[in-house]
Amino acid sequence: MNLAIRDVRHSLGRFLMTSVGLGLLLMIVMGMGGIYAGIVADATLLIDRLDGDLWIVQRDTRGPFAELSRVASNVEDRARTVPGVAGARRFVTHTVQREHRGRPLRMAIVGLAWPEDRGQWLPMVSGRTLAQGHYEVVADRTLGLSVGESIKLGKDMYRVVGVTRDMIASGGDGLALMTIADAQSVQFDTVGEATRLERAARRGRAETRDLGLTQPGMLELADQPASAIPALGSPMVSAVLVNLQPGVDVGAVRAAMEGWADVTVYTEQEQRELLLRGPIDRVRRQIGLFRALLVVISGIIMALILYTMTLDKLHDIALLKLMGARDRMIIGLVLQEAFLLGAIAYLVAYLLGERVFPFFPRRVIVTNDMLVWLALAVAVLCVAGSSLGIWKAMRVQPNEVLG
Amino acid sequence: MSAAPAIETAGVTKVYGSGATEVVALREASLTIQRGEVVALLGPSGSGKSTLLSAIGLINPPTRGEIKIDGKIVMRGPRALVDVRRFRREHLGFVFQKSNLIPFLTGLENVLVALDIAGTEGRPAKRRAMELLTELGIGARAKNLPSALSGGEQQRVAIARALANRPSLLLADEPTAALDSTLGRQVMELFRDVGHESGAGVLVVTHDQRALDVFDRTLVLDDGVLREDW
């Protein structure tokens, strides 16, 4: 006869409420793991999706995801000349926050090397990828923008032509993807008066230096846009991505590039590790510790619940002992109720989490590994939590029935 | 069924504490109850009735003396000579002042759990439990939880549970204390019938002197000393 089932059936409402309460706690444990997995996935998403074999970044920096990185645009051309390189792309990323429809809109702008890269690799939800070199943007759905909508960035209006899913920056901001030219235009946007002042200052500086004195034609160019001045070059980019030909020795290509004094080169794996060890490391550890704390708290609460449930039955347990019940029957009663409580709580956590997590502002990714880990943790908690109740049950004497 | 007495005790003594705080709860108690014999144990509060019952029931061992159940020596002084828990489930049945039914089990399940403990399961167990409940007049209430049964019905279920494994000795500790006199007498008569029909020795501790005529014999315990009441 299964006494545990009958006991639960007798106080079903209380048992279910307790299970739901514990389930909510387990859902938070599950959620914390999911938030961590989401942060890792979001952080490495761009690196994975852009799929560059090598990342050329500013010398002695950890790359654009860890800190500010600026490399000259012409590094792209230089990279193409290295034997074994199949292709090179400029990469620009920066975060902006603008007012849109009366609310702050924060987005991570990523420049695509148009026309080679039109965003054909993006996971689209609606609309299309980039079809022209200017004034188009593909936005992640977390930004709340819809296809056809226009948004002002810098001096220009950009039309949303497509919406993606799961394209999040490591900081949690949704990605807005546009051509590199547009991304730079947004990044280096200055008001007209500032531009005029800078040009005047530039002319002033040139007039007092050798360059202006020996090359007067340069003074005429000083009044024009920076891009028209050959000595100034085009704007900097965040990094340059390099793809290699099949079978090429990565080390050799990398060694060739590292001979350049202005850049540092990382493999895709190194770039990912730098990211995980750098900006999100503290978040990861913080969540990990909080999660461990929650597991301990869950264990304590579970132990208290099971202990209280056993205390409620001490008289019945004494009676069973008086009737000659074996210890395994009594241990079974406590353990089975513990496992039943754990199983229902786990189910509640899973089902509730599935419905609640999508509404979280950042991605919560609950993997199968995580579910298995939590199930094992719950099983261990059930056994550990019951031990106090079992200890109490084993100590109760049959003569307590007589009292 | 064994021809040996259901219970024999010789010189059973129980001492609590030691030195200045020593209390002798039971002095050299010797008794014999044959199988099928129904015996009442009378005595004022604190006379040692429950102490004797718990010693015979292998719950609280005596300090000195010997206890023999169904012809087998089970206790010699405080030392158990058998696996007491196993011996209890195979040879003893208990009924208490309160019915002590497990509240989350129905009347039928309360009887079944006793059978389950002794290793009888499935259809034979259910048949035996229903037989007992029907004999005791509560077959129709078998599927009710204890909370839905009256005090008398609960005691009947408790008696059925105590009898489930055909014990050689049935021990009852003031089983009618919580019942009115009419119901109390009915329960006492039930013990008599059960003892006579099942062949179990029955020892009923009671305060209630109005129903003593239903018993085969009466023992009196006074200040730890047991004597026969003629």
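Residues numbered from 1 in each chain as written. Chains lettered and ligands numbered in written order. Predicted model: local features only at pLDDT ≥ 70, side-chain atom pairs only at ≥ 80, totals over all residues. Heavy atoms only, no water.

Section: a nonpolar patch on the surface
All names here are of chain A. The grouping of Val 20, Leu 24, Leu 352, Val 356 and Phe 360 at the surface amounts to a nonpolar patch, some 340 Å² of accessible area in total. Secondary-structure elements contributing two or more residues to the nonpolar patch are helix 2 (12–50) and helix 12 (327–356). Mapped onto the elements, Val 20 comes out in helix 2. For Val 20, a relative accessible area of 36% gives the class partly exposed. (Patch = residues over 30% accessible without salt bridge, like charges linked within 9 Å, V, L, I, M, F, W, Y side chains within 5 Å. Areas by Shrake-Rupley, 256 points an atom, 1.4 Å probe, with all protein chains shown as cover. Salt bridge = Lys/Arg side-chain N within 4 Å of Asp/Glu carboxyl O. Helix = DSSP H or I, 4+ residues; strand = E, 2+ residues; numbered from the N terminus. Buried < 20%, exposed > 50% of the residue type's maximum accessible area, 1.4 Å probe, protein only.)

Looking at empty space enclosed by the protein
Under the counting rule described, the total for this entry stands at 3 cavities of 30 Å³ or more. Lining the largest cavity are 13 residues, and of these Met323(A), Leu92(B), Gly93(B), Arg161(B) and Ala162(B) sit closest to its centre. Where the lining of the largest cavity is concerned, the elements lending two or more residues are helix 2 (84–91), strand 7 (92–95) and helix 5 (151–163) of chain B. Per element, the largest residue contribution to the lining of the largest cavity is 3 residues, and it comes from strand 7 of chain B. Considered class by class, the residues forming the lining of the largest cavity number 8 nonpolar, 2 polar and 3 charged. Counted as a void, the second largest cavity has a volume near 40 Å³. Secondary structure elements with two or more residues in the lining of the second largest cavity: strand 2 (85–100) and strand 3 (103–112) of chain A. The biggest single contributor to the lining of the second largest cavity is strand 2 of chain A, with 3 residues. Its residues assigned to classes, the lining of the second largest cavity comprises 5 nonpolar, 1 polar and 3 charged. (1 Å grid on protein atoms, 1.4 Å probe; cavity = no way out; pocket = protein on both sides within 12 Å on 5 of 7 lines; lining within 4 Å. Points joined across faces, edges and corners; volume = space filled by probe spheres on them. Nonpolar A, V, L, I, M, F, W, Y, C, P; charged D, E, K, R; others polar.)

Observations concerning helix 3 (residues 107–117) of chain B
Here helix 3 of chain B lies mainly inside the structure; 11 of its 11 residues are buried. Within the span of helix 3 of chain B, buried status applies to Gly107(B), Leu108(B), Glu109(B), Asn110(B), Val111(B), Leu112(B), Val113(B), Ala114(B), Leu115(B), Asp116(B) and Ile117(B). The elements touched by buried residues of helix 3 of chain B are helix 1 (3–10), helix 11 (314–322) and helix 12 of chain A together with helix 2, helix 4 (122–135) and helix 5 of chain B. Downstream of helix 3 of chain B by a residue or two, Gly119(B) has a phi angle that is positive, lying close to 95°. (Contact = heavy atoms within 4.5 Å.)

Focus on the packing of helix 4 of chain B against helix 5 of chain B
All names here are of chain B. Viewed as axis vectors pointing N to C, helix 4 and helix 5 meet at an angle of 135°, and their least axial separation amounts to 9 Å. If you check the angle between helix 4 and helix 5, you find them oblique. The interaxial crossing formed by helix 4 with helix 5 has right-handed handedness. Along the contact surface, helix 4 presents Arg 128, Leu 132 and Leu 133, while helix 5 presents Val 157, Ala 160 and Leu 163. The class makeup of the residues in the contact of helix 4 with helix 5 is 5 nonpolar, no polar and 1 charged. (Axes fitted to C-alpha atoms, helices over the stretch in contact; angles between N-to-C directions. Parallel < 35°, antiparallel > 145°, perpendicular 65-115°, else oblique. Left-handed = near helix turned anticlockwise from the far one by under 90°.)

Side note on the interface of chain B and chain A
Taken together, the 22 residues of chain B in the interface contact 24 residues of chain A. Roughly 2300 Å² of surface becomes buried between chain B and chain A when both sides are summed, with 64% attributable to carbon and sulfur atoms. Ranking the residues of chain B by area buried against chain A places Arg85(B), Phe104(B) and Ile117(B) at the top, with a combined share of 32%. Counting across the chain B and chain A interface gives 3 salt bridges. Put simply, chain B and chain A have 10 residue pairs in polar contact (both at pLDDT 80 or more) between them. Those elements that place two or more of their residues in the side of chain B that touches chain A are helix 2 and helix 3 of chain B. (Buried area = accessible area lost by both parts, 1.4 Å probe. Polar contact = N/O pair within 3.5 Å; in protein donor to acceptor, adjacent residues only side chain to side chain.)

Remarks on the side chain of Glu37(B)
All names here are of chain B. With respect to the element layout, Glu 37 can be found in the loop between strand 2 (23–33) and strand 3 (38–42). At a separation of 2.7 Å, a polar atom in the side chain of Glu 37 contacts the side chain of Arg 217. Not counting the four nearest positions on each side in its chain, Glu 37 is found in contact with Thr 32, Ala 200, Gly 201, Val 202, Asp 216 and Arg 217.

What about the domain arrangement of chain A?
If you check the domain split of chain A, you get domain 1 (3–42 + 281–401) and domain 2 (191–233). Between the C-alpha centres of domain 1 of chain A and domain 2 of chain A the distance comes to 72 Å. (Domains from an automatic or database assignment.)

Describing the confidence of the model for chain B
Where the model shows low pLDDT, its predicted coordinates should not be examined in detail. When pLDDT is averaged along chain B, the result is 88, and 98% of the positions lie at 70 or above. Mean pLDDT per element in chain B: helix 6 (residues 181–198) of chain B is the minimum at 82, and helix 3 of chain B is the maximum at 93. (pLDDT = per-residue confidence, 0-100.)

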